[in-house]
Amino acid sequence: SVLSSGINAEYGVLKQGSNQAIRFFTFNNLKGYFQDGDNTRDIGMLRTFFCGGVAGAASVFGNTPLDVVKTRMQGLDRHLYKNTFHCAQMVLKHDGLKGFYKGTVPRLGRVVFDVAFVFTIYEQTMKVLDYVWKTD
């Protein structure tokens, strides 16, 4: 239905928006830490990879509760829930706080490396573009 499509789209926007906010916030703060106040300082690929990995992990821990609720609201048992808030209440009631983190370990294994590679490639691409197009 149109209503469920709209709700699914809202979950997707909320999840992806918060994912990226967490990732860029974490990455930029860690990168700034390694730059020691000099934002022109190159921290190298290994540290960039590390910052990206930590950013990925932070996004997993920040978004898994939302993902658990979204998955349940879209699953075969969706008829058990009146709304999103009721679904979250049921997760808490039946599984406790740990229920909001089901599937965290497999997601960590996938997302940490994915985000680490993405930020490393992004930083290397920016170096090439800065070299090709001098903007100072």
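The paragraphs below set out a description of the structure included in this document. (Residues numbered from 1 in each chain as written. Predicted model: local features only at pLDDT ≥ 70, side-chain atom pairs only at ≥ 80, totals over all residues. Heavy atoms only, no water.)

Focus: the environment of Tyr33
At step 1: Within the element layout of this structure, Tyr33 appears in helix H1 (residues 2-35).
At step 2: For Tyr33, a relative accessible area of 61% puts it in the exposed group.
At step 3: Separated by 10 residues in the primary sequence, Tyr33 and Ile43 place their C-alpha atoms 9.8 Å from one another. (Helix = DSSP H or I, 4+ residues; strand = E, 2+ residues; numbered from the N terminus. Buried < 20%, exposed > 50% of the residue type's maximum accessible area, 1.4 Å probe, protein only.)

Notes on the packing of aromatic side chains
At step 1: Evaluated as defined, the whole model comprises six aromatic pairs.
At step 2: Geometrically, the ring pair formed by Tyr33 and Phe34 is edge-to-face, given 5.5 Å between the ring centres and 70° between the ring planes.
At step 3: A relative accessible area of 18% places Phe34 in the buried class.
At step 4: With a centroid separation of 4.9 Å and 75° between ring planes, the pair formed by Phe49 and Phe117 is classed as edge-to-face. (Phe/Tyr/Trp six-rings, centres within 6.5 Å; stacked < 30°, edge-to-face > 60°.)

Brief notes about the pattern of salt bridges
At step 1: Here the structure, examined in full by the defined rule, presents five salt bridges.
At step 2: Across the pair Glu123 and Lys31 runs a salt bridge whose closest N-O atoms are separated by 2.9 Å. Here the residue Glu123 occupies a position in helix H4 (residues 104-132), and Lys31 occupies one in helix H1, the gap between them amounting to 92 residues. You'll find Glu123 and Lys31 in the same group, each marked buried.
At step 3: Two residues, Asp95 and Lys102, come together in a salt bridge whose shortest N-O distance is 3.6 Å. (Salt bridge = Lys/Arg side-chain N within 4 Å of Asp/Glu carboxyl O.)

Here's the deal with the nonpolar core
At step 1: Of all hydrophobic cores here, the largest spans nine residues; its members are Phe27, Phe34, Ile43, Cys51, Ala55, Val60, Val111, Val115 and Phe119.
At step 2: Among the secondary structure elements, those contributing two or more residues to this core are H1, helix H2 (44-74) and H4.
At step 3: If we ignore the near neighbours within four places in the chain, the residues touching Val115 are Arg23, Gly52, Ala55 and Gly56.
At step 4: Judged by nonpolar contacts, the second largest core, of seven residues, contains Val68, Cys87, Val91 and Phe100. (Core = buried A, V, L, I, M, F, W, Y, C linked by side-chain atoms within 4.5 Å. Contact = heavy atoms within 4.5 Å.)

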